[in-house]
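Listed here are the chains, written in short residue letters.
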Amino acid sequence: MDALPELPGQLPVQPPGQLPGLGPHSGEFLHEFLLAAARKSPDRPAVVESAGAGETTVTSYRELSDQTRSFAEEIHGLGLDIGDRVILESDTTAASIALFLACSSLDLTFVPVSPDTPDERLLAIAETTEAALHIRAAEKPREGIPHNVGTACFRWGGIAVDRRPAPRVRRRREKAVTDPAYIIFTSGTTGRPKGVVMSHRAVTAFYRGMLAHRIATPEDRVASTSPLQFDFSLLNIGLALGSGAALVPVPQALVRWPRRFLGVLRDTGATQVNGVPSIWRQALRREPERLAALERLRGVLFCGEDFPLPELRRLRELLPDIRIVNCYGATESMACSFEEVPDPLPEGTERLSIGFAHPGAEMLLIDTEGNIVDDPHVTGEIVLRSPALFSGYWADPEATDAALIPDPLNPCSGQRVLRTGDLAHKGEGGEMYFCGRKDSQVQIRGNRVELPEIEGRLLDHPDVTAAAVLLLGSAEPNGAEPALTAFVVPAPQSPAPPDAAALRTHCATALPAYMVPQDIHLLDALPTTPNGKTDRPALAAAVREAA
Ligand code: ADP
């Protein structure tokens, strides 16, 4: 890959001797693990990107490693301290991978956010994380970044600094694998996004467990369809680079256009495609021949939600020889199991198995009293015992204590396990079947959404006094995509009821697009159940009757 001409404001490069290196190669830090192949096979492709018109741009492991080092040199010159937060606003590209690897090599915690994130949300993340630096792929700076936060933009070849971070007191000397590698913000029930803090040790432990499934070999090209701020993209990067294979980042803008999506898969020679189930929906409906013509495709891994079985069967029909893997888990542990979907899928299958946790981890079920559920077919909540657990929610010890609980089988040990909030039952062989959530969390095209966060945003509007949000409709068979539907009670003092478009704009200024309600109904009051809770089934039934 050609180096770019010098960028305006580019920092002087520090002599490499003064830098923390790319590691003593213990493989316990994220960058060491992901760049291990740069030593074994430096000339093999690490990232293959579609360059349009059937062309691709290939970045080798050596180039990725060199770019990582050079970004690290530039960031090092900004005087940040170990553990400082760097907000990385970008899609997944070879350059953004090198940038987060550079952060890892300096033991800076990166916080990936999407370029589509509304200003208000991004500023809230910068504020709560007390970020030292906001670095973006876009040239144009974001408005309103606090003055003590440094700002910069980057592309392959260099970083252009607009404003240096406020000077830091450097107190740390040693990098530790227990330090946070990254923070991923997911939707939160309290109306504020939750920051899942993941250590180097936890991520690399996860990667080791995952690689035991031998999904990819160095010959593979692993297409990742998830945005960088979704931890599934880090899973894909780990799967590709950890296997010495190439990562194929599929631009977000293309995933929704089936012909272009399939075009990228064909042009880049993708052999493995990873993403949420909905990435296949349009291609299955509109481009079955093009889908069936993906001759190099060997495997599909899906995650984040149930794959509607009629669509899964159709995918199998079109691509009869591929290996399909159901990946289950949550951001708090990256993922936790990979289960092969049986081929053929037996008649009468109602649910797909999520199997067993990765080697070195274990899923258990507990009942509402916290007792272990051993018997098959009895529903309980999944708890995960694993070396790959998150460290905590950023600045939220209460939520952390609710999620990381004493090991129910060994409560005196001080060991914590992850309480997932997911319900499941065991089959006869001990394998698990996911059967829904305990709470108000839903998945929208694979994005985790807490409905109360949307309700909280609606309630921030001065003309709204009560709000309930539901995910209505079904993805199957051939039905409409599930839609977020809001029920809003106007404030009595408001001169005129708020209109739906204004409420949607109000949501869109603070929430990602997938969290903005499509339908908004104004009501005089929300219906309640006998115990006074919002009667959500009644709201859903009213919409069904009106349809
Ligand atoms: P991920 O990035 O793994 O999708 P999120 O934290 O965004 O993780 O969402 C996690 C939740 O998504 C899980 O707690 C579960 O409710 C749901 N989920 C994840 N994987 C699956 C799956 N394979 N099948 C069904 N539901 C899933």
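Procedures and definitions
- Residues numbered from 1 in each chain as written.
- Predicted model: local features only at pLDDT ≥ 70, side-chain atom pairs only at ≥ 80, totals over all residues.
- Heavy atoms only, no water.
- Phe/Tyr/Trp six-rings, centres within 6.5 Å; stacked < 30°, edge-to-face > 60°.
- Helix = DSSP H or I, 4+ residues; strand = E, 2+ residues; numbered from the N terminus.
- Buried < 20%, exposed > 50% of the residue type's maximum accessible area, 1.4 Å probe, protein only.
- Lys NZ or Arg CZ within 6 Å of the ring centre and 35° of its normal.
- Near = heavy atom within 4 Å.
- Polar contact = N/O pair within 3.5 Å; in protein donor to acceptor, adjacent residues only side chain to side chain.
- Nonpolar A, V, L, I, M, F, W, Y, C, P; charged D, E, K, R; others polar.
- Axes fitted to C-alpha atoms, helices over the stretch in contact; angles between N-to-C directions.
- Parallel < 35°, antiparallel > 145°, perpendicular 65-115°, else oblique.
- Left-handed = near helix turned anticlockwise from the far one by under 90°.
- Contact = heavy atoms within 4.5 Å.
- Salt bridge = Lys/Arg side-chain N within 4 Å of Asp/Glu carboxyl O.

**Description of the packing of aromatic side chains**
Reasoning step 1: Enumeration over the complete set of coordinates arrives at 10 aromatic pairs.
Reasoning step 2: A centroid spacing of 5.8 Å and a plane angle of 55° characterise the contact between F261 and W280, whose relative ring orientation is tilted. On the criterion of sequence distance, the pair formed by F261 in helix α9 (residues 258-268) and W280 in the loop between β12 (272-275) and α10 (281-286) is long-range, its members being 19 residues apart.
Reasoning step 3: Residue classification places W280 among the buried residues on the basis of a relative accessible area of 0%.
Reasoning step 4: Three or more aromatic residues link up through ring pairs in this structure, and these residues are F33, F206 and Y207.
Reasoning step 5: Sitting over the face of the ring of F29, K175 holds its NZ or CZ atom 5.7 Å from the ring centroid.

**Examining the site of the ligand**
Reasoning step 1: Surrounding the ligand, one finds 18 residues, the nearest of these being N326, T331, D422, Q443 and R448.
Reasoning step 2: Between the ligand and the protein, one listed contact pairs a nitrogen atom with a side-chain N or O atom of N326 at 2.7 Å.
Reasoning step 3: The side chain of Q443 places a nitrogen or oxygen atom 2.7 Å from an oxygen atom of the ligand.
Reasoning step 4: Secondary structure elements with two or more residues in the shell around the ligand: β14 (323-328), β22 (432-437) and β23 (441-444).
Reasoning step 5: For the shell around the ligand, the leading source of residues is β14, giving 3 residues.
Reasoning step 6: Considered class by class, the residues forming the shell around the ligand number 6 nonpolar, 6 polar and 6 charged.

**Quick notes on the packing of helix α3 (residues 61-76) against helix α4 (residues 94-105)**
Reasoning step 1: Remark: α3 packs on α4, axes separated minimally by 8 Å, with the N-to-C direction vectors making an angle of 55°. Classified by the angle their axes make, α3 and α4 are oblique. Once α3 is placed against α4, the crossing between them reads as right-handed. When α3 is examined against α4, the residues L64, Q67, T68, F71, A72 and I75 are found in contact with a partner set consisting of A94, A95, I97, A98, L99, L101, A102 and S105.
Reasoning step 2: Considered class by class, the residues forming the contact of α3 with α4 number 11 nonpolar, 3 polar and no charged.

**Details of the pattern of salt bridges**
Reasoning step 1: Inspection of every chain in the model, using the stated rule, returns 24 salt bridges.
Reasoning step 2: R316 serves as the salt-bridge partner of D343, at 3.8 Å between the closest nitrogen and oxygen. Of the two residues, D343 is situated in the loop between β15 (337-340) and β16 (353-355) and R316 in helix α12 (residues 309-318); the sequence distance between them amounts to 27 residues.
Reasoning step 3: Because the salt bridges share partners, they merge into one network encompassing E89, D119 and R142.

**What to know about the side chain of R281**
Reasoning step 1: Considering the arrangement of structural elements, one finds R281 in helix α10.
Reasoning step 2: Residue class for R281 comes out buried when judged on its relative accessible area of 6%.

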